[in-house]
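Residues per chain, in single letters:
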Amino acid sequence: MNIHYCYTDSPLGELMLAGDANGLRILAFQDGPEPMFPERGWRKDAAYFVNAIVQLNEYFAGQRTRFALRLNPEATEFQLRVLETLARIPYGQTASYADIARLLKKPRAVRAVGAANRKNPLPIMLPCHRVIGSDGSLTGFIGGLERKKWLINLEAETLQARGSRSEKSQQADQAVPA
């Protein structure tokens, strides 16, 4: 298996990206509690990740609400089902661990959902930061709660700014005589 990797800067600190011909496998916060290190045989190659880096930069700038990348996370069958469910949480919205468990038709699997979330190899792109406690509290995130809060706020501010622009253009349209 040919794994490529690179590092890129972001507003959340340095990120490591790793993947192969089947897609992006890892996004890791390098200055977070669990930095990732390349394994023996991995090849450093930033050119391999140009599209991912561009899309991440657009996301951080509030210009992208969905990623259009081929993802290839390594996970168990249950973890993959959780990750697929995370991918369906709309930009700027949140869901609880219990909500995810119910969507998976396993309402008692709240802790298993939490464990799968903690093992998410592609945070941001598979938006585990959008998962919160049933009481609305921010709970664990592989990048730390400050980063989770930052990502949730980024999405809320982006949607608010887009809504304001829409309202302004609607008002401008209404002000123009037909």
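Above: the structure in question.
About the thresholds
Residues numbered from 1 in each chain as written. Predicted model: local features only at pLDDT ≥ 70, side-chain atom pairs only at ≥ 80, totals over all residues. Heavy atoms only, no water. Buried < 20%, exposed > 50% of the residue type's maximum accessible area, 1.4 Å probe, protein only. Helix = DSSP H or I, 4+ residues; strand = E, 2+ residues; numbered from the N terminus. Arc of directions from axis to C-beta. Contact = heavy atoms within 4.5 Å. Salt bridge = Lys/Arg side-chain N within 4 Å of Asp/Glu carboxyl O. Pairing = 2+ DSSP bridges.

A.B. asks: Requested: an account of helix α4 (residues 110–118), with residues and values cited.
C.D. replies: Here α4 has its buried residues at Val113, Gly114, Ala116 and Asn117. Relative to the axis of α4, the buried residues are bounded by an arc of 160° and lie together on one face. For α4, the exposed residues lying more than 90 degrees away from the buried face are Arg111 and Arg118. Packing partners of the buried residues in α4 comprise α2 (77–87), α3 (97–103) and β6 (131–132).

A.B. asks: Please provide a residue-by-residue account of the pattern of salt bridges, values included.
C.D. replies: Across all of its chains, the model carries seven salt bridges by this definition. Linking Arg25 and Glu74 is a salt bridge whose minimum nitrogen-to-oxygen distance equals 2.5 Å. Separated by 49 residues along the polypeptide, Arg25 in strand β3 (residues 23–29) and Glu74 in the loop between α1 (50–60) and α2 bring together distant segments of the chain. What makes Glu74 exposed here is its relative accessible area of 60%.

A.B. asks: Describe the sheet that holds β3, listing the residues and the values that go with them.
C.D. replies: If you trace the four strands from one edge of the open sheet to the other, you get β3-β2-β1-β4, paired in mixed fashion. Lying at the two open borders of the sheet, with one neighbouring strand each, are β3 and β4 (43–44). In terms of strand pairing, strand β1 (residues 4–8) meets strand β2 (residues 15–20) through five bridges, oriented antiparallel. Residue pairing across strands places Thr8 opposite Leu15, the latter belonging to β2.

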